[in-house]
Amino acid sequence: MTMPVTASQPTTAVIDVQDIWKSYGEGEQQVHALRGVSLRVDEGDFVAIMGASGSGKSTLMNMLGCLDVQTSGSYHLDGVDVASLPDSKLSVLRNRKIGFIFQAFNLIPRMSAQSNVELPMLYAAVSRDERRQRARAALKLVGLADRAKHTPAELSGGQQQRVAVARSLVNAPALILADEPTGNLDSKATTDVLDIFQKVNDAGRTVVIITHENDVAARARRVVRMFDGEIISDERVLPVVATGDVAS
Amino acid sequence: MNLLEIIKSALRGITSNKLRSALTLLGVLIGVGSVILLTGVGNGSKQAVADSISSLGTNTLTIRSSGGSGVQVRSQSLTMDVVDKLSDSENAPNIAEVVPQLSSSETVASSITSSTATIVGTTSNYFAVTNSTVALGTKFTDYDVKRDAKVVVIGATLAETLYSTTDVVGDSITIDSVVYTIDGVLAVKDSAGTSDPNNSVIMPISRMQQSISGYGSLSTIVIQATDSDSISSAQSEATSVLMEAFKVTDSSDLGFTITSQTDLLTTLSSTTSTLTAMLAAVASISLVVGGIGVTNIMLVTVTERTREIGIRKALGATRFAILGQFLIEATVLSLLGGLLGVAVAYALSFFTIFGVQPVILLSSVFLAVGVSVGIGVFFGSYPANRAAAMRPVDALRHD
Ligand SMILES: Nc1ncnc2c1ncn2[C@@H]1O[C@H](COP(=O)(O)OP(=O)(O)OP(=O)(O)O)[C@@H](O)[C@H]1O
Ligand SMILES: [Mg+2]
């Protein structure tokens with residue numbers, strides 16, 4: 001049920017990557033993790049990036065998340081040229097525009113689920129009361145309202161990842177980036193997490209998810225395949241829903 | 001992220017490894033505590049010196065013959081004639097009292113036992129000028145001096161040594177086979193360092209000359225100025241009176257010296273200042289060692305929490321926020337250590353240390369705590385900077 005890539009009105013591109021290269025090392029040992037990747041993701045899309053191990057998916061995700069800097073090429077996030085920004089601006093950009101979900105959950109140990117979810121708002125200077133309220137709402141959304149006081153060590157893997165999802169949503173970012181978010185989860189937990197992604201995407205948020213699993217990719221509107229640092233295929237599965245107003 | 005929240009998260013960091021934080025605190029505590037306590041010891045000994053000097057008397061100057069000391073060859077002999085000239089209020093209007101003193105060390109005996117004591121032969125104004133209070137009985141009078149009376153006033157320690165009690169007024173005491181009657185016992189007094197006033201026998205100077213020392217020159221003459229403002233005038237008056245009496249003109253070779261309490265205080269306090277400075281230097285080293293402990297622990301903390309730093313950066317923590325978090329953690333750690341150090345030093349200052357009752361200087365408290373916090377910031381900034389400068393990818397890869 002593959003559909004042609006919709007030639008609908010060019011909504012704002014959340015991600016606009018042009019010919020990005022990323023190399024590690026020097027001379028003989030040099031590894032080209034990305035070899036001229038170009039990718040445009042519109043607002044409201046749900047993209048799955050697939051590919052063999054070592055094909056450069058995580059490297060690309062680090063670029064998209066402004067966690068790393070490309071060797072060459074350009075990247076515009078929500079219209080902003082990322083390469084031109086200093087470290088402090090990048091922090092602010094990540095804070096406001098991107099929600100991360102990692103394979104290893106990356107919650108801060110010793111901090112309760114509630115505090116973990118509040119963290120992005122802490123750096124966004126949100127008032128304490130509002131932080132509490134929004135974190136509670138986010139935990140409720142992922143079905144963990146009753147676990148707010150628990151630390152990561154007291155939660156199952158699936159629950160931890162749902163806390164991480166709540167954390168990624170709490171600052172209402174334009175873009176949700178997930179690197180193998182279900183890699184460590186069983187099928188029930190995977191379904192739970194994917195349901196949330198779907199819900200969030202239906203509400204108009206852009207989601208980019210890296211995965212090895214076909215059934216995870218099956219939830220996406222678009223599947224991008226990578227091989228050896230290059231994009232080898234880009235399929236549109238479902239059209240992008242126009243955000244806000246209903247499309248004509 | 002406001003300051004309160006940063007401090008809260010710093011405290012959470014500190015309490016997450018209690019033993020390690022406690023040991024670091026201990027390092028700072030010892031540093032700060034020893035700076036405060038040892039400068040307190042220095043200050044305490046300075047005060048003890050000052051107290052004992054003031055026990056020499058108020059507004060007094062001491063005249064000594066400078067025989068044999070240094071380059072001065074001349075040595076004048078202080079006589080009762082000189083005492084009379086100094087007492088003349090026309091020559092020396094700023095001199096209120098003149099106290100001649102003869103002193104020597106003799107064996108003194110009661111009916112029970114004997115001991116060695118300092119014998120001071122003087123006039124009756126000795127008691128008032130040197131702040132020597134008679135606790136029991138009475139002091140001897142001008143009349144006693146005039147008639148060479150065989151009466152004495154003895155120190156409390158000596159009374160205890162010889163009679164096992166201070167209640168000895170009316171008892172007799174034997175010095176050089178002459179028997180004297182004890183008229184009074186002195187109140188216990190701080191030692192001036194030279195000789196213990198509590199182990200002395202005070203008698204009329206005329207009697208001392210007759211029975212013990214002979215009619216040679218006086219040991220010292222103590223003069224008292226009319227008030228504290230006139231001490232230097234009194235000193236110059238005394239100098240000119242003595243120069244005239246001895247017929248000396250060369251002021252660089254007088255043959256006598258006049259020292260004031262202030263002179264003594266300056267000399268002694270410069271010695272104790274050196275002592276204080278040395279103690280402070282030693283203590284500062286432990287303060288620095290404590291500071292290195294803070295750096296060490298912050299380095300470990302930063303390494304241990306690299307992944308956390310990565311997560312925080314990915315979630316939008318700026319360099320400044322990370323820097324602030326670890327800097328405040330280091331500061332809180334050293335401030336806590338510093339405050340505990342103050343508390344411990346304060347508690348220990350109630351005990352005598354090296355025979356000195358420490359007197360804590362408020363300035364040393366502020367200095368030590370300030371320095372310990374400074375050290376926390378200074379030594380904590382290196383690890384904190386390292387944490388803040390880390391790239392999120394690298395920090396996140398860490399495990
Ligand atoms: N820090 C690094 N230094 C050197 N080489 C690196 C570094 N990070 C990644 N690489 C190399 O870049 C290539 C792409 O790595 P990347 O992690 O993006 O793969 P991936 O597609 O995410 O793989 P997987 O599915 O196993 O997570 C690999 O060959 C890897 O060895
Ligand atoms: Mg990967």
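A closer look at the interface of chain B and chain A
Tallying the contact residues gives 23 residues for chain B and 25 residues for chain A. Between chain B and chain A, the buried area comes to about 2200 Å², and carbon and sulfur atoms account for 57% of it. Where chain B meets chain A, there are three salt bridges. A salt bridge links Lys313(B) to Asp87(A); the nearest nitrogen and oxygen atoms lie 3.9 Å apart. At the junction of chain B and chain A, the tally comes to six residue pairs in polar contact (both at pLDDT 80 or more). Listing elements by their share of the side of chain B that touches chain A, those giving two or more residues are helix H1 (3–15), helix H10 (306–314), helix H11 (319–348) and helix H13 (392–397) of chain B. Counting residues per element, the side of chain B that touches chain A draws most heavily on H10(B), at six residues. A per-class count over the side of chain B that touches chain A returns nine nonpolar, four polar and 10 charged.

Quick look at the site of ligand 1
Taken together, the neighbourhood of ligand 1 is formed by 13 residues, with Ser53(A), Gly54(A), Lys57(A), Ser58(A) and Thr59(A) sitting nearest. At the site occupied by ligand 1, nearby residues are drawn from chains A and B. The separation between an oxygen atom of ligand 1 and a polar main-chain atom of Gly54(A) is 2.8 Å. In the complex, 64% of the free accessible area of ligand 1, which totals 630 Å², lies under the protein chains. Tallying contributions element by element places helix H1 (residues 57–64) of chain A first for the shell around ligand 1, with three residues. When its residues are assigned to classes, the shell around ligand 1 shows three nonpolar, seven polar and three charged.

Describing helix H6 (residues 187–202) of chain A
Residues and elements named next belong to chain A. Across its 16 residues, H6 extends 22 Å between first and last C-alpha, which sits within 8% of the 22 Å expected from 1.5 Å per residue. Among the structural elements, strand S3 (46–51), strand S6 (98–101), helix H5 (157–169), strand S7 (175–179), strand S8 (206–210) and helix H7 (214–217) are those in contact with the buried residues of H6. Residue Gly204 follows H6 closely and has a positive phi angle near 110°.

Observations concerning the confidence of the model for chain A
Residues and elements named next belong to chain A. Averaged over all residues, the pLDDT of chain A is 89; the fraction at 70 or higher stands at 92%. Averaged over each element, pLDDT in chain A is lowest for H7 (89) and highest for strand S9 (residues 222–227) (96). Counted against residues more than four places away or in other chains, residues 1–9, with its pLDDT under 50, gives 12 contacts.

Quick look at the packing of H11(B) against helix H12 (residues 362–389) of chain B
Residues and elements named next belong to chain B. Where H11 contacts H12, the two axes come as close as 7 Å, and the packing angle between them is 150°. Between H11 and H12, the angle falls in the class roughly antiparallel. In this structure, H11 crosses over H12, and the sense of that crossing is right-handed. Within the contact of H11 with H12, the residues separate by chemical class into 15 nonpolar, eight polar and one charged.

As for the pattern of salt bridges
Residue and element names in this part refer to chain A. Counted according to the given criterion, the structure contains 24 salt bridges over all chains. Of the charged contacts in the structure, one is a salt bridge between Asp195 and Arg219, with a shortest N-O distance of 3.0 Å. Highlighted residues: Asp195 in helix H6 and Arg219 in the loop between H7 and S9, separated in sequence by 24 residues. Look at Asp195 and you get partly exposed, because its relative accessible area is 36%.

As for the side chain of Gln161(A)
All names here are of chain A. Take Gln161: it is sitting in helix H5. By relative accessible area, Gln161 is classed as buried at 0%. Once you skip the residues sitting within four places of it in the chain, Gln161 turns out to touch Ile101, Phe102, Gln103, Phe105, Pro181, Leu185 and Val193.

Some thoughts on the sheet that holds S9(A)
Residues and elements named next belong to chain A. Spatially, six strands are ordered S6-S7-S8-S3-S9-S10 in an open sheet, and the strand pairing comes out mixed. With partners counted over all chains shown, the strands left at the sheet margins are S6 and strand S10 (230–236), one partner each. Adjacent strand axes in the sheet meet at a mean angle of 15° when their direction is disregarded. Bridge analysis of S9 against S10 gives six bridges, and the strand direction is antiparallel. Among the inter-strand pairings, Arg222 is bridged to a residue of S10, identified as Arg236.

Re the sheet that holds strand S5 (residues 80–81) of chain A
Residues and elements named next belong to chain A. If you trace the four strands from one edge of the open sheet to the other, you get S2-S1-S4-S5, paired in antiparallel fashion. Whereas interior strands pair on both sides, the edge strands pair on one side only; in this sheet they are strand S2 (31–42) and S5. In the sheet, strand S1 (residues 13–24) pairs with strand S4 (residues 72–77) via five bridges, with the strands oriented antiparallel. Bridged to Gln18 within S4 is Ser74.

Some thoughts on the confidence of the model for chain B
All names here are of chain B. Across chain B, the average pLDDT comes to 85, with 95% of residues at or above 70. Element-level mean pLDDT values for chain B span from 78 in H1 up to 94 in strand S5 (residues 151–154). Across the whole predicted complex the pTM is 0.69, and at the interface the ipTM reaches 0.89.

Digging into the packing of aromatic side chains
Counted under the stated rule, the structure contains five aromatic pairs over all chains. When the ring of Phe100(A) is compared with that of Phe102(A), the centres are 5.6 Å apart and the planes differ by 10°; the resulting orientation is stacked. Exposure class is identical for Phe100(A) and Phe102(A). Each is buried. With centroids separated by 5.8 Å and ring planes inclined at 55°, the aromatic side chains of Phe246(B) and Phe256(B) adopt a geometry described as tilted. Of this pair, Phe246(B) sits in helix H8 (residues 231–246) while Phe256(B) sits in strand S10 (residues 256–260); the two residues are 10 residues apart in sequence, bridging distant segments of the chain. Given the relative accessible area of 3%, Phe256(B) is considered buried. One aromatic cluster is present, built from ring pairs that chain together Tyr126(B), Phe127(B) and Phe140(B).

Some words on the side chain of Thr295(B)
All names here are of chain B. Along the chain, the position of Thr295 falls in helix H9 (residues 261–304). Its relative accessible area of 13% is what places Thr295 among the buried residues. The contact partners of Thr295, leaving out residues within four places of it in the chain, are Phe379 and Pro383.

Cut-off values and rules
Counting starts from 1 at the beginning of each chain's written sequence and moves along it residue by residue. Numbering of ligands from 1 and lettering of chains from A proceed in the order in which they are written. Only residues with pLDDT of at least 70 are given local features in this predicted model, and only at 80 or more are side-chain atom pairs given and counted; all residues enter the totals for whole chains, interfaces and linings. In computing side-chain properties, one takes all heavy atoms of the structure into account and sets aside hydrogens as well as water. Contacts between residues were defined by any pair of non-hydrogen atoms, one from each residue, lying within 4.5 Å. The term buried area refers to how much accessible surface (probe radius 1.4 Å) is lost by two components on association, counted for both of them together. Here, a salt bridge means any side-chain nitrogen of Lys or Arg that lies within 4 Å of a carboxyl oxygen of Asp or Glu. In protein, a polar contact requires one atom able to donate a hydrogen and another able to accept it; more generally it is a pair of N or O atoms within 3.5 Å, and residues adjacent in sequence count only if both atoms are side-chain atoms. Per the convention used, a helix needs a DSSP run of H or I reaching at least four residues, while a strand needs a run of E reaching at least two, with both numbered from the N terminus. Under the scheme applied here, ten amino acids are nonpolar (Ala, Val, Leu, Ile, Met, Phe, Trp, Tyr, Cys and Pro), four are charged (Asp, Glu, Lys and Arg), and all others, including Gly, are polar. We call a residue near a molecule or strand when any one of its heavy atoms sits within 4 Å of it. Note on areas: Shrake-Rupley with a 1.4 Å probe; residue coverage comes only from the protein chains shown. Given a helix with a known number of residues, its expected span is that number minus one, times 1.5 Å. The predictor rates its confidence in each residue with pLDDT, a number between 0 and 100. The axes are straight lines fitted to the C-alpha atoms, using for helices just the contacting stretch, and the angles between their N-to-C directions are given from 0 to 180°. Throughout this description, any angle smaller than 35 degrees is read as roughly parallel, any larger than 145 degrees as roughly antiparallel, any in the 65 to 115 degree range as roughly perpendicular, and the remainder as oblique. Helix crossings get a hand from a simple test, with the near helix turned counterclockwise from the far one by less than a right angle marking a left-handed crossing and a clockwise turn marking a right-handed one. A simple rule labels every residue: compare its accessible area, found with a 1.4 Å probe on the protein chains alone, to the largest value its type can have, and call it buried under 20%, exposed over 50%, or partly exposed in between. What makes two strands pair is DSSP finding at least two bridges between them. Pairing of aromatic rings covers Phe, Tyr and the six-membered ring of Trp, with a centre-to-centre limit of 6.5 Å; geometry is then stacked below 30 degrees between planes, edge-to-face above 60, and tilted otherwise.

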